[in-house]
Amino acid sequence: MRIYSRADRITFFNTEANRAPNPEGHTYSNIRGERQWELFIPNQGSTCTLSRNGTIIDRGTVTRREPSSGD
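Throughout what follows, the structure given in this document is the object of discussion.

Re the pairing of strand β4 (residues 25-30)
The two faces of the sheet receive side chains in turn, since in a regular strand these alternate between them. Where burial is concerned, most of β4 is hidden: six out of the six residues are buried. Here six bridges tie strand β3 (residues 17-22) to β4, and the two strands are oriented antiparallel to one another. Bridge pairing in β4 places alanine 17 opposite asparagine 30. Sheet analysis places β4 next to strand β5 (residues 37-42), joined by five bridges and oriented antiparallel. Counted as the bridge partner of tyrosine 28 is leucine 39 from β5. Hairpin remark: β4 followed by β5, antiparallel, with six residues in the connecting loop; positive phi at glycine 33, about 120°.

Written out as structure tokens, the structure is:
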């Protein structure tokens, strides 16, 4: 899992991630680190969410996704 800050133009988080498919999409969360980061990419729609410790801190446009987790 790599998190890149467009504003600062740096990668500030780079670690292994858990991948959890569910009927709505895929959730990726970090395995290591003091803070829990989570990226949710829906099967449909164009908006993904990035959360830290359970609070959504940013939304973005889905540019790449895995095949639907509902298949």
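Let's talk about the side chain of serine 5
Inspection of the secondary structure puts serine 5 in strand β1 (residues 2-5). Among the residues examined, serine 5 registers a relative accessible area of 14% and is labelled buried. Here aspartate 8 takes part through its backbone nitrogen, which lies 3.1 Å from a polar atom of the side chain of serine 5. Apart from residues lying up to four places away in sequence, serine 5 is in contact with Ile10 and Phe12.

Structural notes on the nonpolar core
Grouped together as the largest cluster of nonpolar side chains are five residues: Met1, Ile3, Phe13, Trp37 and Leu50. Residue contacts for tryptophan 37: discarding those within four places in its chain leaves Met1, Ile3, Phe12, Phe13, Tyr28, Ser29, Asn30, Leu50, Ser51, Arg52 and Ile57.

Concerning the layout of surface pockets
What the largest pocket holds in volume is close to 860 Å³. Secondary-structure elements contributing two or more residues to the lining of the largest pocket are β1, β4, β5, β6 (47-52) and β7 (55-61). Considering every element that reaches the lining of the largest pocket, the biggest residue donor is β7, with five residues. When grouped by side-chain class, the residues that make up the lining of the largest pocket number 13 nonpolar, six polar and seven charged.

Some words on the packing of aromatic side chains
Counted by the stated rule, this structure contains two aromatic pairs. Geometrically, the ring pair formed by phenylalanine 13 and tryptophan 37 is tilted, given 6.0 Å between the ring centres and 40° between the ring planes. Taken as a pair, phenylalanine 13 in strand β2 (residues 10-14) and tryptophan 37 in strand β5 lie far apart in primary sequence, 24 residues in all. In this pair, the class of phenylalanine 13 matches that of tryptophan 37, namely buried. A connected cluster of aromatic rings, assembled from ring pairs, spans Phe12, Phe13 and Trp37.

Definitions and limits used
- Residues numbered from 1 in each chain as written.
- Predicted model: local features only at pLDDT ≥ 70, side-chain atom pairs only at ≥ 80, totals over all residues.
- Heavy atoms only, no water.
- Buried < 20%, exposed > 50% of the residue type's maximum accessible area, 1.4 Å probe, protein only.
- Helix = DSSP H or I, 4+ residues; strand = E, 2+ residues; numbered from the N terminus.
- Pairing = 2+ DSSP bridges.
- Polar contact = N/O pair within 3.5 Å; in protein donor to acceptor, adjacent residues only side chain to side chain.
- Contact = heavy atoms within 4.5 Å.
- Core = buried A, V, L, I, M, F, W, Y, C linked by side-chain atoms within 4.5 Å.
- 1 Å grid on protein atoms, 1.4 Å probe; cavity = no way out; pocket = protein on both sides within 12 Å on 5 of 7 lines; lining within 4 Å.
- Points joined across faces, edges and corners; volume = space filled by probe spheres on them.
- Nonpolar A, V, L, I, M, F, W, Y, C, P; charged D, E, K, R; others polar.
- Phe/Tyr/Trp six-rings, centres within 6.5 Å; stacked < 30°, edge-to-face > 60°.

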